[in-house]
Amino acid sequence: MLLLVILVIFIAAAGCIIRAILGPTSSDRVVAVDSLSSLMIAALVILGVHYEAVIFLDVALIYALLAFIGTLAISKYLEGKDVGM
Amino acid sequence: MINIISYLLLIIGSFCALTGSLGLLRLPDVYNRLHASTVIVVGGTVSLILGAGLLNGADSYLVKSLIIVFFIFITVPAASHAISRAAHLRGVKLSNESVVDKLEERERTLSEL
């Protein structure tokens, strides 16, 4: 069951990767990569439950934080202003 | 009982992830694709994380899943707002079927004053 869910998540991630490659503007690519990273967070949590390793959930938490900071930095950069870091 | 709820959450999450991915491919516009991205995050990722956290009996999985879900609920609206604002300031056009653009109207009104 859990590996089937992982397979479905990877199919959805393939759609995000296709949009990230095709996307006409760079904002499309940012949206696609943002949703791709959230799908990978879900995949990490499900893999952690499947392998019974709690450390996967810590990795998922840190990855969520880093993806949020990356998305904010890229969108401030696309606005054309100073990133402020 | 808890197993049934967690399997139901996993099925709902998989369905929402597939639907959001399809919307990300099919919708015509950055602003419409943000809607599909929100479907992926709130419908897909949150349901999948809660379902996976409920499936295992141990407490540490559930607590850490709840922490991740809380963090996602805080950060994702801010990130979507930043992306759409950046796209609008950068001059990304709306699709032809879109009928209203409140931010552009407001900027035009402010520039006329």
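As a reminder, the structure under discussion sits directly above these lines.
Engineer: Describe the overall build of chain A, with residues and values.
Structural biologist: Helices and strands together make up the secondary structure of chain A, namely three helices and zero strands. Reading the secondary structure of chain A in the N-to-C direction produces α-α-α. Expressed as lengths along the three principal axes of its C-alpha atoms, the size of chain A is roughly 45 × 30 × 10 Å. Burial statistics for chain A: of 85 residues in total, 44% are counted as buried. Long-range contacts, defined as pairs at least 24 residues apart, comprise 41% of the intrachain contacts of chain A with a sequence gap of at least 6.

Engineer: Please give an account of the nonpolar core that cites residues and values.
Structural biologist: In a soluble, globular protein the nonpolar side chains are often hidden away together inside. Counting residues in hydrophobic clusters, the biggest one holds 52 residues, and the most contacted among them are I9, L39, A42 and V45 of chain A. Broken down by secondary-structure element, the contributors of at least two residues to this core are α1 (2-22), α2 (26-51) and α3 (55-79) of chain A together with α1 (2-26), α2 (30-55) and α3 (59-90) of chain B. Contact partners of A42 of chain A, with chain neighbours within four places excluded, come to I9 of chain A together with G44, T45, L48 and I49 of chain B.

Engineer: Please provide a residue-by-residue account of the interface of chain B and chain A, values included.
Structural biologist: Opposite the 40 residues of chain B that make contact, chain A presents 37 residues. Listed by contribution, the elements that provide at least two residues to the side of chain B that touches chain A are α1, α2 and α3 of chain B. In terms of residue count, the dominant contributor to the side of chain B that touches chain A is α3 of chain B (16 residues). Of the residues belonging to the side of chain B that touches chain A, the class tally is 27 nonpolar, ten polar and three charged.

What counts, and at which threshold
Residues numbered from 1 in each chain as written. Chains lettered and ligands numbered in written order. Predicted model: local features only at pLDDT ≥ 70, side-chain atom pairs only at ≥ 80, totals over all residues. Helix = DSSP H or I, 4+ residues; strand = E, 2+ residues; numbered from the N terminus. Buried ≥ 20, exposed ≤ 12 C-beta atoms within 10 Å, placed from the backbone. Contact = placed C-beta atoms within 7 Å. Core = buried A, V, L, I, M, F, W, Y, C linked by C-beta atoms within 7 Å. Nonpolar A, V, L, I, M, F, W, Y, C, P; charged D, E, K, R; others polar.

That is the geometry; function is a separate question.
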